[in-house]
2 protein chains.
Amino acid sequence: MSHAPQLNLGRLRELLADQQQEQLQALLRASTPSEGARLLMRLDDAERASLFTILPAEDAAQLLNELADSQAAEVLSELPVELAAAIFECFRSNQQADLLALLPDADALLAALSPVTAQRATQLGRHSPNTAGGFMVTEFLAYSDRACVADVINALRANASKYSRWQLQYAYIVDGDRRLVGVLRLRDLLLLDDQDSLHQAMTPDPVRVPAEMPLNELTHAFDRHPYLGVPVVDAANRLLGVVLRADVEEALAEQADRRLLLVSGVLGGDEYRSMNWGDRVLRRAPWLLVSLVLSFAAASVIGLYQETLLDVIALAVFLPVISGMGGNSGNQALAVSIRELSLELVRPHETLWVVGKELIVGLTNGLLLALLVAAIAWLWKRDIRLSAVVGMAIALNISVAACLGGIVPLLLKRWRLDPALAAGPVLAAVNDMCGFLFALVLADLLIPQSSM
Amino acid sequence: MSHAPQLNLGRLRELLADQQQEQLQALLRASTPSEGARLLMRLDDAERASLFTILPAEDAAQLLNELADSQAAEVLSELPVELAAAIFECFRSNQQADLLALLPDADALLAALSPVTAQRATQLGRHSPNTAGGFMVTEFLAYSDRACVADVINALRANASKYSRWQLQYAYIVDGDRRLVGVLRLRDLLLLDDQDSLHQAMTPDPVRVPAEMPLNELTHAFDRHPYLGVPVVDAANRLLGVVLRADVEEALAEQADRRLLLVSGVLGGDEYRSMNWGDRVLRRAPWLLVSLVLSFAAASVIGLYQETLLDVIALAVFLPVISGMGGNSGNQALAVSIRELSLELVRPHETLWVVGKELIVGLTNGLLLALLVAAIAWLWKRDIRLSAVVGMAIALNISVAACLGGIVPLLLKRWRLDPALAAGPVLAAVNDMCGFLFALVLADLLIPQSSM
């Protein structure tokens, strides 16, 4: 937000070599967190370890906070375990659990942690990611329903410095078995008398979510209620934690980001260029291999019609255009379907509705491009049959591809797979095959052999 | 969260026809908001107007809330202006401004609104979208620095019902000219005496952001500070509103979603299948046309080498495989670059670094697939030169495509364009051209004419 002294990789390395703690700290604090994270990932392992030895644990945690969890875990696992533990203590409870799940040697770290942190992180880690339990934090206030307003105020006063970094709006009221019985907005305490009992003052039967609630239902819960945080309970209604609206929104953003990678044929959730070479190859190679097989299946259609192609070699120029246009049209429909599914604007069984909607757009665009392509063919070869073949093939392929791209994500969703698995690469190969088939079969039918 | 009575389109139409207000209201409230929104967009214009005439304005606003802004604006614009105005009054201030900007006939609506709402929405609407000013809400508490704690508590008490739906954690303290001078956490009021002056009690010089701050910098501001909301000021430090963390996270999620559509070749921000046919064609046709031109440029390479292809017709089978693999590899690199740019893990000028990182992964995968494809060619035609040509062409094309896919988004960003404009369709055509060139030039060089 202000003009910070420029931090670049060279300067960072200089300060590291000279062990200039204060200057390092000041520069990193002055740069944006993402800038610090970017530079961090440009350092090699030894430099990173040396940086974290120099920096206070709080600052190190804030830097790591900016990385993807998988990267932060990788960096932590490279550090001496005592250092890693000190940094780990500075994370929020839900991040501790997330990181712990990703660490290759979690047990060593757990042994080095304070018992409270270790136990809490282990417990939180039992909840599945992308559920309320996985998102929740344990930094919340809970008071017995037998306490009174003055008890809460005194507790807040006594822990003012600890609570100052928590995001608190509510106090949750529990009974003797830690079952959630009510909620109290902290600012409403202002309107109460010191001796009022919490039981009288609280709003009973508050909105709560079970620990197993998945991300999409959490989104609905927050859509429906204006709260910034919602309490999470177990099957016996015991209070486990609080899930914050901002964490749910953040998870949605990450999900949309990962979807882009998956649709583009990058597996494994995420890829960063700072990952090592082998990991990156592993995230890309499988999709390329699948696509290679499909692509050969498509190309074999050309092999079957080699004679036709030898007769009408001009068709070789149009084949990639026809198949490519199908691929594009399919990708467009694919993206719209993936998005509408994630927004729940379409249901997995509504394939007919989607086909209807795609067909009309596919036919319009298909006919438009067919006219163009047929005209180009005519100008080039002055052969009305060639024009007819390529025009019809392109119109058909664009329409079919739009329908396929539209419904494949729905089918995947119905089979409980990630709709984004209908990745561009796979669909493109299918559309290639259709395009080749349309063009070559039509040519075979409409263009007499050796006519050109 | 509970088992609601099933709401489906048929039942909704029935209740509408019978004007069953209470049942409609109960059913919509019981269904998830996104389910309600999905059904809403399946109704025709007349049915929608009739639904909104029956529903209370609050319920109608909640339904519209679930739609994309462009859709909500479309629905509002179909309604009688008095009805639209009544619903409009129920939105949060920042949504009112967003919708107003999208309405075709905003003036008519403004005339029907209460003067306070009309003025506020117009003022908020002056700020650019995707800036702090565009995101901020005007539902916040501000008190004079001359007031005392008791004044705030009395104000809270007097407006308890109005404030109960606001998301308040802080009171902002302003001087006589409405300049922001401090902030006070509401729950800290508990720790103060009634007669303490706000000037003494407040934290002076609070974190604040200028109204012009763009989304990515807002993200940094929230990364750096744990607050759920940050005050927005104008150039003279006058308090204008509050931007909430959840709204910023939500905007990021929407941005990532739109990126998927743009990369897939759907223009114009968003497309929903419930949009009318013409709008949907317009969002897809331009990209298809651009892609058609590029695709012909690529195919013309085949035209130039028709003779070579006639000599080695087997190559016609491999051409789509070679070009397709390049397209896939390019898309993978493209998605990683778009993501790293948006996370600011790579800077637009770091093209060399990206090329280095992509080249190593591209070469690895390229060689892997080259071996496979060369082996297939050998098994089919037993011609070592054909194997060599297709193997080399595929390795080259995969590597070049990975580099291109990696750097094109960086170049677009440098030219201040959206990196996602390097859409799959366009890049695919470029990779097609490279693939054809590699294969046909190599064949021309390595395979003597008429040898097969």
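Quick caveat: nothing in here was measured; it's all calculated off a predicted structure.

S.K.: Which residues make up the overall build of chain A, and what values do they have?
M.R.: When helices and strands are tallied, chain A shows 22 helices and seven strands. Based on the C-alpha atoms only, the size of chain A along its principal axes is roughly 100 × 60 × 40 Å. Looking at chain A residue by residue over its 452 residues, the buried ones come to 51%. In chain A, the share of contacts with a sequence separation of at least 24, taken over all contacts with a separation of at least 6, comes to 73%.

S.K.: Lay out the relation of the copies chain B and chain A with the relevant residues and their values.
M.R.: Screw-axis analysis of chain B against chain A gives a translation of 0.0 Å along the axis, an RMSD of 0.1 Å, and a rotation angle of 180°. Expressed as a symmetry operation, the mapping of one chain copy onto the other fits a two-fold axis. Residue Ala253 of chain B of chain B places its C-alpha closer to the rotation axis than any other residue of that unit, at 1.9 Å. Interface overlap between copies: 100% of the residues of chain B at the interface are likewise at the interface in chain A, consistent with a symmetric, same-surface contact.

S.K.: For helix α16 (residues 245-263) of chain B, give the residues involved together with the corresponding values.
M.R.: Residues and elements named next belong to chain B. Its 19 residues give α16 an end-to-end C-alpha distance of 27 Å, which sits within 8% of 27 Å, the value for a rise of 1.5 Å per residue. Counted residue by residue, α16 has 16 buried out of 19 residues, so it is predominantly covered. One or two residues past the end of α16 sits Gly265, with phi positive at roughly 90°.

S.K.: Can you explain the pairing of strand β3 (residues 180-185) of chain B? Please cite residues and give values.
M.R.: Residues and elements named next belong to chain B. Most of β3 is tucked away: six of the six residues are buried. Relative to β3, strand β2 (residues 170-174) is paired through five bridges, and the arrangement is antiparallel. Note that in β3 the partner of Val174 across the bridge is Leu180. Hairpin connection between β2 and β3: a loop of five residues separates the two successive antiparallel strands, and Arg178 in this loop has a positive phi of roughly 60°. Of the strand pairs in this sheet, β3 and strand β4 (residues 203-204) are connected by two bridges, and their pairing is antiparallel. Counted as the bridge partner of Val183 is Thr203 from β4.

S.K.: Describe the interface of chain B and chain A, and please don't skip the residues or the numbers.
M.R.: At the interface, 101 residues of chain B touch 102 residues of chain A. Each residue belonging to the side of chain B that touches chain A can be placed in one class, and the counts come to 59 nonpolar, 21 polar and 21 charged.

S.K.: Would you mind going over the sheet that holds β4 of chain B in detail, with residue names and values included?
M.R.: Residues and elements named next belong to chain B. Taken in spatial order, the four strands of this open sheet run β1-β2-β3-β4, and their pairing is mixed. Edge positions in the sheet fall to β1 (141-144) and β4, since each of these pairs with one other strand and no more. Alignment of β1 against β2, held across four bridges, turns out to be parallel. Counted as the bridge partner of Leu141 is Ala171 from β2.

S.K.: Requested: an account of the environment of Met202 of chain A, with residues and values cited.
M.R.: Residue and element names in this part refer to chain A. Looking at the secondary structure, you find Met202 in the loop between α14 (198-201) and β4 (203-204). Classification of Met202 as buried rests on a count of 21 C-beta atoms within 10 Å. Between the alpha carbons of Met202 and Ala335 there is a distance of 47 Å; along the sequence they are 133 residues apart. Filtering out sequence-adjacent residues up to four positions away, Met202 remains in contact with Ile173, Gly182, Val183 and Leu184.

S.K.: How would you summarise the domain arrangement of chain A if you had to cite specific residues and measurements?
M.R.: Assigned domains within chain A: domain 1 (9-126), domain 2 (141-253) and domain 3 (277-446). On a C-alpha basis, the centroid separation for the pair domain 2 of chain A and domain 3 of chain A is 52 Å.

S.K.: Go over the sheet that holds strand β6 (residues 229-233) of chain B with me, naming the residues and quoting the values.
M.R.: Residues and elements named next belong to chain B. With mixed pairing, the three strands of this open sheet are ordered in space as β5-β6-β7. Every other strand in the sheet has two partners, leaving β5 (209-210) and β7 (239-244) as the edge strands with one partner each. Relative to β6, β5 is paired through two bridges, and the arrangement is parallel. Note on β6: the bridge partner recorded for Val209 is Val232. Its contacts with the sheet put α16 on β6 and β7, and the angle it makes with β7 is roughly 60°.

S.K.: Which residues make up the environment of Ser295 of chain A, and what values go with them?
M.R.: Within the fold, Ser295 of chain A resides in helix α17 (residues 277-304). The spatial distance from the C-alpha of Ser295 of chain A to the C-alpha of Ser77 of chain A is 41 Å, given a sequence separation of 218 residues. The residues touching Ser295 of chain A, leaving out its near neighbours within four places in the chain, are Ala429 and Asp432 of chain A together with Pro320, Val321, Gly324 and Met325 of chain B.

S.K.: Give me the confidence of the model for chain A: which residues, what numbers.
M.R.: Residues and elements named next belong to chain A. Averaged over chain A, the pLDDT score is 87; the fraction of residues at 70 or greater is 95%. Looking over chain A, one finds the lowest element-wise mean pLDDT in helix α13 (residues 160-163), namely 73, and the highest in strand β5 (residues 209-210), namely 96. Taken over the whole predicted complex, pTM reads 0.81, whereas the ipTM for its chain interfaces reads 0.81.

S.K.: Which residues make up the packing of helix α19 (residues 315-342) of chain B against helix α21 (residues 384-414) of chain B, and what values go with them?
M.R.: All names here are of chain B. Close contact between α19 and α21 brings their axes to 7 Å; oriented N to C, the two are set at 30°. The orientation of α19 with respect to α21, classified from their angle, is roughly parallel. Seen along the crossing, α19 lies across α21 with a hand that is right-handed. Per-class residue counts for the contact of α19 with α21 are 17 nonpolar, ten polar and one charged.

S.K.: Describe the environment of Val355 of chain A, with residues and values.
M.R.: Residues and elements named next belong to chain A. Relative to the helices and strands, Val355 resides in helix α20 (residues 351-381). Here the alpha-carbon distance between Val355 and Arg178, two residues 177 residues apart in the chain, equals 52 Å. Apart from residues lying up to four places away in sequence, Val355 is in contact with Cys403, Gly406 and Ile407.

S.K.: So, the packing of helix α8 (residues 93-102) of chain B against helix α10 (residues 115-125) of chain B: which residues are in play, and what are the values?
M.R.: Residue and element names in this part refer to chain B. Across the interface, α8 lies against α10 with an axial gap of 8 Å and an inter-helix angle of 75°. As the angle between them shows, α8 and α10 are arranged roughly perpendicular. Here α8 contributes Ser93, Asn94, Gln96, Ala97, Leu100 and Ala101 to the contact with α10, which in turn contributes Thr117, Arg120, Ala121, Leu124 and Gly125. Here the contact of α8 with α10 is composed, by residue class, of five nonpolar, five polar and one charged.

S.K.: Account for unusual backbone geometry, naming residues and giving values.
M.R.: All names here are of chain B. Positive phi values are uncommon outside glycine, yet Asn237 reaches one of about 70°. Counting through the fold element by element, Asn237 comes out in the loop between β6 and β7. For Asn237, a count of 15 C-beta atoms within 10 Å translates into the label partly exposed. For Arg416, which is not a glycine, the phi torsion comes out positive at approximately 60°. The residue Arg416 is located in the loop between α21 and α22 (424-446) in this model.

S.K.: Give me the lowdown on helix α7 (residues 81-88) of chain B, citing residues and values where you can.
M.R.: What α7 of chain B keeps buried is the set Ala84, Ala85, Ile87 and Phe88 of chain B. With its buried residues spanning 165° around the axis, α7 of chain B presents them on a single face.

Analysis parameters
Residues numbered from 1 in each chain as written. Chains lettered and ligands numbered in written order. Predicted model: local features only at pLDDT ≥ 70, side-chain atom pairs only at ≥ 80, totals over all residues. Helix = DSSP H or I, 4+ residues; strand = E, 2+ residues; numbered from the N terminus. Buried ≥ 20, exposed ≤ 12 C-beta atoms within 10 Å, placed from the backbone. Contact = placed C-beta atoms within 7 Å. Least-squares fit on C-alpha atoms with pLDDT ≥ 70 in both. Expected span 1.5 Å × (residues − 1). Pairing = 2+ DSSP bridges. Nonpolar A, V, L, I, M, F, W, Y, C, P; charged D, E, K, R; others polar. Domains from an automatic or database assignment. Axes fitted to C-alpha atoms, helices over the stretch in contact; angles between N-to-C directions. pLDDT = per-residue confidence, 0-100. Parallel < 35°, antiparallel > 145°, perpendicular 65-115°, else oblique. Left-handed = near helix turned anticlockwise from the far one by under 90°. Arc of directions from axis to C-beta.

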